[in-house]
Amino acid sequence: MSYCKQEGKDRIIFATKEDQEKPSTAIIIESIDEEPGLTLPNGDINWHCPCHGSDIFGPCAVEYRDARTCFHNSKADPRGSDCHDSMMPWVRCLTEHSGIDLLGKGEDEEEEEEEEQDDNGFHEALEIDRKKYESSNESNKVNSS
Amino acid sequence: MKPPLSKLGDLAPGAWRDVGDLAPGAWRDVGNTQVQAVGQTESTKSTSTTSTPSTAQQKIGTTSSSSETVVKSAALQSNTAGSPEGSRSATSDTSESGVSSAPTTDTAGAASSQEGTQAAVTPPESDIPVHAPYLLIGGGTASFYAFKAIKANDPRAKVLVISEENHLPYMRPPLSKDLWFQTDPEKVEKLEYHPTQNFSVFHASNAYYVDPKKLPHLDKGGVGILHGRRVIYLDAMAKKVHLDDGSEITYDKCLIATGGRPKNLKVVENAGEEIAKRTILFRTIDDFQRLYKVCQETKTVTVVGGGFLGSELAVALGNSGLLNGIKVNQIFPESGVLAKVLPEYLSKWTTRRVEAENVNVIPNQSIETVSYENGQVALGLSSGITLKTDYIVVAVGLEPNTELAKTSGLEIDDVHGGYRVNAEMEARSNIWVAGDASCFYDIQLGRRRVEHYNHARVSGQLAGENMTGAAKPYTYQSSFWSDLGPKVAFEAIGMVDSSLPTVAVFAKSSDDTSAVKAVKDPESSEAVMTAPDEYDKGVVFYMKDKLVVGVLLWNLPYRLTTARQILKDGAENEDLSEVAKLFRIHQTVDQTSDDS
């Protein structure tokens, strides 16, 4: 049985599982002001999403946004395969800034499942362009640190 | 004019900062002990058709927290702290700047882009830009989230951070928690707090920052940090700051995120040099490293203070004491730990838990004398007893860093301390304040100042957005959390102040005998202690004017979204045991099982 007691101004209820599992009669106004994930309700990219991690302010942030935007709007199959021109500057920038980790970054991700897939696809697209870039570099011997 | 409603900012004397649920980091799944989520997402998936707030009244009970997944995250890469310059190559800068005729020398660069502004003053140090569109004073968590928000809204923003610390922006909570339970000394050395991942306390590695002296020439902007410098004067009319080295920087938008410094006790402060050598005020990475080292070389450490920081450190040192054979005392004037936060019965119960962590807790005592005797610190307590100890760790609260108020014509709140700002974190035109140093107007709960990690994050982000013109008020309540040993982990939101009346609902264990025993003698707190399971799990509502103004989730992870909704609603005239059902206190909710 549940029971309760009062200690000064503090009231304490010890509730059993049986009592607590009955449906609640409390009426609480649901007001969702959750931070949106990667995509805003209007379909745009949420640049405040924690999923962007430090890419949002790092030295390749502008390139990152271009790449991300292209992928976001891509209707190609596989998604992002039409984003080579937007991906390349980012890939180049990343290569020039060693120490920036492109995969798995983002200090706090809270994406919903679709967005997670969305994100994975993005990084796959990036990887493809990165390999292209590396192989072209090998032939050209472009001087980049 | 609204009267101040809250003293929340003051209620955590050893205030530590928490990582919030706002954007769950990966780092709550701290291995061996109580796993709780900083990394949680409590997404309350609405089954209803509309997500518009207000009008429609919906029951959230059945659907709340239905998806609480932690997406593994964060390469908070390990980092070469304190070496802001260095790791970047010259080639990267020229390619990045897009300014083909990048300056060959720094001074020339500064001069060419800022001609006319230098007038007759001595030329600035070569590493200091003369102008910053966004100038952030302070390099902690509030500042970090501010510049992230600035860059999110203004992609090419040039942000200059002036930090007194010689470390890149980092999170402080692990310094009094996770790092002490890190078993691998190499990880401690690298400040990696996570038991299995290489997440470090640094928000981002050095590679993400740009050289401050090149900032004016980067057409894509970036964030540069000037380390080891202090702003001594802020001229709000001229939009200019003066640094301790005599240089001046003009700005367009300025953030003050100067945080605070640990308070000391007068009696300790006046006790002389030998005592000072054996006193640790705990705040920074350097403080952590010093105390960590001390714990390997000493026999007795006494923590002074019963707030968050003091209690967490006592538990941490108790654990460390088991390994290193040191004795740990915790002494404070209140009757139990976290007495300014927890209702008295819960404070006492928690004190037992702290004691169980190898801590000799000495409540109800203040320190009246401090002297140096035979190489030790002798503490004369109010009871007349003298306590001898090798080191003392003083954790008696934080003093917000508000020196700029005097020179800058900014207002200090006489009740809560800190710079007074409006609901948008704005102090004066083009000046915002976030984090510990900000006394802000919370539209729902009144004027407050909050010393918690998550608040630094929430307010920093808000200030950053507003610096780009967002004009948003503070509406998203920050949260905080603490862990005290394996049996106590909690999160809270709103005004969690033990002077308020509370209503708590705890999960009663199925074993009825102990509970009956307790109820037979309701006057005696001892009787309660015969049923130690009773306070294991539950929710505490803090009340003011019939409204719920604070929610404490006691060993109930992944429920902050529900708590936030209760807080927003106020639950006026509701039966709180019915409201408690929304938290499913008897169920185990975790990030993986909840969806199924």
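All residue numbers here refer to positions counted from 1 along the written sequence of the relevant chain. Starting at A for chains and at 1 for ligands, labels are handed out in the order in which the entities are written. For this predicted model, a pLDDT threshold of at least 70 governs which residues receive local features, and a threshold of 80 or more governs which side-chain atom pairs are given and counted, while totals over whole chains, interfaces and linings are taken from all residues. Excluded from the side-chain calculations are hydrogens and water; all other atoms, namely the structure's heavy atoms, are used.

Asks: Explanation requested: the overall build of chain B in the structure shown.
Replies: What counts as a helix is a DSSP run of H or I of at least four residues, what counts as a strand is a run of E of at least two, and both are numbered from the N terminus. A count of helical and extended segments in chain B gives 16 helices and 26 strands. Under the scheme applied here, a residue whose accessible area is under 20% of the maximum for its type counts as buried, over 50% as exposed, and between as partly exposed, the area being computed with a 1.4 Å probe on protein chains only. Residue burial in chain B is summarised as follows: out of 596 residues, 60% are buried. The contact definition used throughout considers only heavy atoms, calling two residues in contact when any of these lie within 4.5 Å. In chain B, 69% of the contacts between residues at least 6 apart in sequence involve partners at least 24 apart. Methods summary: accessible areas were calculated by the Shrake-Rupley approach with a probe of 1.4 Å, and residue burial reflects only the protein chains presented. Accessible area for chain B stands at about 21600 Å²; split by element, carbon and sulfur atoms hold 50% of it.

Asks: Just to check I follow, could you spell out the sheet that holds strand β2 (residues 10–15) of chain A for this structure?
Replies: Across a sheet, paired strands are connected by hydrogen bonds in the backbone, their directions being either parallel or antiparallel. A pair of strands is labelled paired if DSSP reports no fewer than 2 bridges between them. Overall, mixed pairing links the 7 strands, which are arranged β1(A)-β2(A)-β24(B)-β25(B)-β26(B)-β23(B)-β22(B) in an open sheet. Looking at strand neighbours, the two that pair on one side only are β1 (3–7) of chain A together with β22 (479–483) of chain B, the edges of this open sheet. Each adjacent strand pair in this sheet contributes to an overall mean axis angle of 15 degrees, direction not counted. In terms of strand pairing, strand β25 (residues 538–544) of chain B meets strand β26 (residues 547–554) of chain B through 7 bridges, oriented antiparallel. Of the residues in β26(B), the one forming a bridge with M543(B) is V548(B). An axis is simply a line fitted to the C-alpha atoms; with a helix, the fit covers only the stretch in contact. Between two such axes, the angle follows the N-to-C directions and lies from 0 to 180 degrees. Packed on one face of the sheet, helix α9 (residues 308–324) of chain B meets β22 and β23 (489–494) of chain B and runs near 30 degrees to β22(B).

Asks: Looking at this structure, I do not really get the sheet that holds strand β12 (residues 367–373) of chain B. What am I missing?
Replies: Residues and elements named next belong to chain B. Taken together, the 3 strands give an open sheet; going across it, the order is β12-β13-β14, and neighbouring strands pair in antiparallel fashion. The open sheet has two free edges, formed respectively by β12 and β14 (386–389), since each of these has just one partner strand. The mean inter-strand angle of the sheet, taken between neighbouring strand axes irrespective of direction, is 25 degrees. Pairing analysis gives 4 bridges linking strand β13 (residues 376–381) to β14, with the strands arranged antiparallel. Note that in β14 the partner of V377 across the bridge is T389.

Asks: Before we go on, may I ask you to explain the nonpolar core in this structure?
Replies: Nonpolar side chains in soluble globular proteins generally cluster together in the buried interior. In this description, a nonpolar core means a group of buried Ala, Val, Leu, Ile, Met, Phe, Trp, Tyr and Cys residues linked to one another through side-chain atoms lying within 4.5 Å. In terms of nonpolar packing, the biggest core is built from 149 residues, with L136(B), V201(B), L234(B), I249(B), L346(B) and F506(B) touching the most fellow members. Counting 26 residues, the second largest nonpolar core, distinct from the first, contains A15(A), V505(B), M543(B) and F583(B).

Asks: Teacher, can you tell me more about unusual backbone geometry here?
Replies: Leaving glycine out, the prevailing phi sign among residues is negative, and the prevailing peptide bond configuration is trans. Cis geometry marks the peptide bond from D77(A) to P78(A); its omega dihedral reads -5 degrees. Mapped onto the elements of the fold, P78(A) is located in the loop between α2 (61–73) and α3 (84–96). Its identity is not glycine, yet N430(B) carries a phi of approximately 65 degrees, on the positive side. The class for N430(B) is buried, based on a relative accessible area of 19%.

Asks: What am I meant to see in the UniProt feature "domain: FAD/NAD(P)-binding" (unreviewed entry) in chain B here?
Replies: Those places that UniProt annotates as "domain: FAD/NAD(P)-binding" (unreviewed entry) correspond, in this numbering, to residues 135–458 of chain B. Taken end to end, residues 135–458 of chain B has its terminal C-alpha atoms 19 Å apart, with 26% of it in helix and 29% in strand. UniProt positions are given in the numbering used here, feature names are shortened, and annotations may be inferred rather than shown by experiment.

Asks: So what exactly am I meant to see when it comes to helix α8 (residues 285–297) of chain B here?
Replies: Residue and element names in this part refer to chain B. Relative to the 18 Å expected for 13 residues at 1.5 Å per residue, α8 spans 19 Å between its end C-alpha atoms, a close match to the ideal helical length. Within α8 the residues assigned to the buried category are I285, D287, F288, L291, Y292, V294 and C295. Those residues of α8 hidden inside the fold are in contact with α4 (173–176), α5 (185–189), β8 (279–281), α9 and β15 (391–394). Given the number of residues in a helix, its expected span is that number minus one, multiplied by 1.5 Å.

Asks: Quick question: what am I supposed to make of the state of the cysteines here?
Replies: In a disulfide, the sulfur atoms of two cysteines are covalently bonded to one another. Residues and elements named next belong to chain A. When two cysteine sulfur atoms are found within 2.5 Å, that pair is recorded as a disulfide. Considering all chains together, one arrives at 3 disulfides over all chains under this definition. With its sulfur 2.1 Å from that of its partner, C60 forms a disulfide with C93. For the disulfide bridge between C60 and C93, the dihedral angle about the S-S bond is near -90 degrees, and by the sign convention the bridge is left-handed. Taken together, the residues C60 in the loop between α1 (17–20) and α2 and C93 in helix α3 connect sequence positions 33 residues apart. On the basis of relative accessible area, C60 is assigned to the buried category, the value being 4%. Each bonded cysteine of chain A is numbered by sequence order, and under that numbering the disulfide pairs are 1-2, 3-6, 4-5.

Asks: Help me understand the side chain of T351(B), please; the structure alone is not making it clear to me.
Replies: Residues and elements named next belong to chain B. Among the structural elements, T351 can be located in helix α10 (residues 344–355). Of the residues examined, T351 reaches a relative accessible area of 6% and is grouped as buried. In this structure, T351 is in contact with G336, V337 and V361, ignoring residues within four places of it in sequence.

Asks: Which parts of the structure should I look at to understand the confidence of the model for chain A?
Replies: All names here are of chain A. Known as pLDDT, the predictor's confidence for each residue is given on a scale from 0 to 100. Residues of chain A with pLDDT of at least 70 account for 78%, and the chain-wide mean is 80. Mean pLDDT across the elements of chain A ranges from a minimum in helix α4 (residues 113–140), with 67, to a maximum in α2, with 95. In the predicted structure, residues 141–145 sits below a pLDDT of 50 and forms 8 contacts with residues beyond four places in sequence or in another chain.

Asks: Any chance you could explain the pairing of β1(A) here in plain terms?
Replies: Where a strand is regular, its side chains alternate between the two sheet faces. All names here are of chain A. Relative to β2, β1 is paired through 5 bridges, and the arrangement is antiparallel. Following the sheet pairing, Q6 is matched in β2 by R11. The loop that links β1 with its antiparallel partner β2 comprises 2 residues; one of these, G8, has a positive phi angle of about 60 degrees.

Asks: Whenever I open this one, the packing of helix α3 (residues 141–153) of chain B against helix α12 (residues 453–467) of chain B confuses me. Can you help?
Replies: If you want to describe how two helices pack, look at the angle between their axes and the distance between the axes. Residue and element names in this part refer to chain B. The interhelical angle for the contact between α3 and α12, taken along N-to-C directions, is 35 degrees, at an axis separation of 7 Å. As α3 runs across α12, the sense of the crossing is right-handed. In this structure, α3 contributes T141, A142, Y145, A146, A149, I150 and N153 to the contact, and α12 contributes Y453, A456, R457, G460, Q461, G464, E465 and M467. Here the contact of α3 with α12 is composed, by residue class, of 8 nonpolar, 5 polar and 2 charged. By convention, the crossing between two helices is left-handed when the near helix turns anticlockwise from the far helix through less than a right angle, and right-handed when the turn is clockwise. In this classification, the charged set is Asp, Glu, Lys and Arg, the nonpolar set is Ala, Val, Leu, Ile, Met, Phe, Trp, Tyr, Cys and Pro, and all remaining amino acids, among them Gly, are polar.

Asks: Even after reading the chapter, I still don't get the packing of aromatic side chains, so can you show me in this structure?
Replies: Ring pairs (aromatic) are described by centroid distance and by the angle formed between their planes. Residues and elements named next belong to chain B. We call Phe, Tyr and Trp rings a pair once their centres come within 6.5 Å, taking the six-membered ring for Trp, and we label the pair stacked below 30 degrees between planes, edge-to-face above 60, and tilted otherwise. A full pass over the atoms with the stated rule returns 28 aromatic pairs over all chains. Ring geometry for F288 and Y292: centres 5.5 Å apart, planes at 35 degrees, overall tilted. Of the two residues, F288 and Y292 are both situated in helix α8; the distance of 4 residues between them amounts to about one turn of the helix. Taking the relative accessible area as the measure of exposure, F288 reaches 1% and is therefore buried.

Asks: I'm lost on the confidence of the model for chain B in this one. Help?
Replies: For residues with low pLDDT, the predicted coordinates do not support detailed interpretation. Residue and element names in this part refer to chain B. Chain-level statistics for chain B give a pLDDT mean of 80 and a share of 74% at 70 or above. The low-confidence segment residues 1–125, where pLDDT is below 50, has 347 contacts with residues more than four positions distant or belonging to other chains. Ignoring residues within four places in sequence, the model shows residues 592–596, a span with pLDDT below 50, making 12 contacts including any to other chains. Scored as a complex, the prediction yields pTM 0.79 and ipTM 0.85.

Asks: What's the story with the pattern of salt bridges in this structure? I'm lost.
Replies: Opposite charge on two side chains makes pairing possible when the charged atoms of those side chains draw close. All names here are of chain B. Any carboxyl oxygen of Asp or Glu within 4 Å of a side-chain nitrogen of Lys or Arg constitutes a salt bridge here. Scanning the entire structure with this criterion turns up 26 salt bridges over all chains. Between R172 and E165 there is a salt bridge, with the nearest N and O atoms lying 3.2 Å from each other. One salt bridge connects K214 with D211, and the closest N-O pair in it is separated by 3.6 Å. Given a relative accessible area of 26%, K214 falls into the partly exposed group. Each of the salt bridges in this network shares a partner with another, and the network as a whole consists of D211, K213 and K214.

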